[in-house]
Amino acid sequence: MSTVGTQLGAFIGGQWVAGDGEEIEVLNPTTGDVIGTIVTSSDAQVDHAVQAAKEAFESWRRRAVLERVELCRHAFTLCEERLEETSEMISREVGKPIRDSRIEMRRGTVEHFRRAAEDVLRKAGKVLPDSMETSNTKRIIVVQEPVGVVAAISPWNFPIDIAAIPIIYGLALGCTVVWKPSEYAPFCAQLFADVLHDAGFPNGTVNVVNGRGDTGSALVRHADVGAVVFTGSVETGEKVARDAGLKNRVLELGGNGPQIVLKDADIDKAADAAARGCFFLSGQCCTAAERVLVEESIKDEFVEALRQRAGALRIGDPMQEETDMGPLRTAAVLARTQAHIQDAVDKGASVVYGGSFHDQFHDPTIVDGVTSDMRIAREETFGPVAPIMTFSSIEEAIAIANETDFGLTAAVFTRSLDDAWYVAEELRHGTVHVNRSTNTWDQLAAFGGMKKSGTGRELSTWIIDALTETKQITFSPRER
Ligand code: NAD
């Protein structure tokens, strides 16, 4: 196991090596202090990492499934033992409240090892009958074989959990991996790479290259990469889609999720959900409620309930146990949040709670009177803002909810089963929650977006198609 150093390079073929590119400082968003530096990987070093993964694949794919499963079980234990150290590093690098960093590690990352072990052990192929000839001399066997080298490219908001899905499922299925973590969170990635290595995954099965978009792009374009699993913004996702060409891919991109509150809803429950939807991780979540659509007749009551919840949030040092909201990770997110609020105000909306910031800390903010022409309604803000929009019929709510280019996660609040069903079926979003916050998910359920929010699905067995090639093998047994 390596100790987290002040300068980080790449992990190739089972060892940490110096990067061969430029140096980038990694800042703690809470204090502005330098946590350390990374030295990026050039195209040549990315190639070196992919070659190490390609070489390791030839023996790794032939290993018994039980051996791969045993390593996952061992890594589960090791990752749990090091959970606190990794969680603290996530909070330092990303500004995530420590309680939420632990949840990212415990319910997400650590459990992926156990889930992958179970899923891979129970993974069965298919035997199909002959549907073309009237004979009994054909058997068609359909199997899914590991695709080869998987490129995993991850964002900073869930810096380990999100990357861990393709890494752990890829390894369990017999793939090898090259990971490019976010340049804003490379040191927690180092700790996780060490877990995998120390658990016994053979040299070359897991490799890490550090850097910005150019390093990621070199990895995506590499001819020996078989599948790309990318999570990040729509803008980057569109470039990755072009660079990936004909490779298998999963693209998990941004969102502009609506939470719809119909007039018969339980207002307390809907306000609790909106507080989580808009302010969890200071709004920096792809599944955030980026628009809160409230039926006109209950709007004032709902906004008052949400104001109370916003006022109860504790904002401050993410390392403190009681903190609910930490800083925004980047200056760009802070600037966009402010720009969206200003644009909304300029076009007639009003800030009814919050609106200010100091350093990287932004108030939980409620903006009333938001309309579809405002940037805050059309774009992903990714900050702690609840934009309130109103509607006067269920059809109007559905139309507003669907008028976005995004389609990741939506929620509807109502006591009517009939209305819930109707809205859920009409929404063009990959997930629709009924009477639950947009900021919830289940690790066994298919996760992913429609429209510009992405392509493909992940979590548990849903990612297996992207990490494998499906093959049919036909046999002709003798006639009986
Ligand atoms: P980003 O798109 O800026 O970066 C994501 C990753 O891509 C980083 O590692 C970055 O270095 C890399 N990258 C940048 N340019 C690249 C290129 N041309 N080729 C390959 N890689 C490149 O996103 P971010 O700011 O890190 O994360 C926030 C975004 O991620 C938000 O839009 C959020 O909604 C989205 N997100 C989506 C999900 C999901 O599951 N749908 C989950 C978390 C975050």
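Criteria and thresholds
Residues numbered from 1 in each chain as written. Predicted model: local features only at pLDDT ≥ 70, side-chain atom pairs only at ≥ 80, totals over all residues. Heavy atoms only, no water. Helix = DSSP H or I, 4+ residues; strand = E, 2+ residues; numbered from the N terminus. Buried < 20%, exposed > 50% of the residue type's maximum accessible area, 1.4 Å probe, protein only. Contact = heavy atoms within 4.5 Å. Salt bridge = Lys/Arg side-chain N within 4 Å of Asp/Glu carboxyl O. Pairing = 2+ DSSP bridges. Axes fitted to C-alpha atoms, helices over the stretch in contact; angles between N-to-C directions.

Caption draft 1: Looking closely at the environment of W441. Position of W441 among the secondary structure elements: in the loop between β21 (431-434) and β22 (454-455). When its relative accessible area of 33% is taken as the criterion, W441 is described as partly exposed. Not counting the four nearest positions on each side in its chain, W441 is found in contact with F158, F280, C285, T287 and F447.

Caption draft 2: How the structure looks around the side chain of T337. Relative to the elements of secondary structure, T337 occurs in helix α11 (residues 331-346). Classification of T337 as buried rests on a relative accessible area of 0%. Discounting residues that sit within four places of it in the chain, T337 has contacts with L328, H362, T381, G383, P384 and V385.

Caption draft 3: Main features of the pattern of salt bridges. For the structure shown, the criterion picks out 27 salt bridges. For E67, the salt bridge goes to R63, with nearest N and O atoms at 2.8 Å. We classify E67 as partly exposed; its relative accessible area is 37%. Taking the relative accessible area as the measure of exposure, R63 reaches 31% and is therefore partly exposed. Put simply, R82 and D198 hold a salt bridge, and the shortest N to O gap is 3.0 Å. Here D198 lies in helix α6 (residues 186-199) and R82 lies in the loop between α2 (65-81) and α3 (83-94), a separation of 116 residues in the sequence. You can call R82 buried: its relative accessible area is 15%. By relative accessible area, D198 is classed as partly exposed at 24%.

Caption draft 4: Structural context of the sheet that holds strand β23 (residues 468-475). Pairing in this open sheet of 3 strands is antiparallel, and the strands run β6-β7-β23 from one edge to the other. The sheet is open, and its two edges are formed by β6 (126-128) and β23, each paired on a single side. Across this sheet, the average inter-strand angle for adjacent strands is 25°, counted without regard to direction. One ladder, built from 3 bridges, connects β6 with strand β7 (residues 139-146); its direction is antiparallel. Opposite V127, over in β7, you have I141 as the bridge partner.

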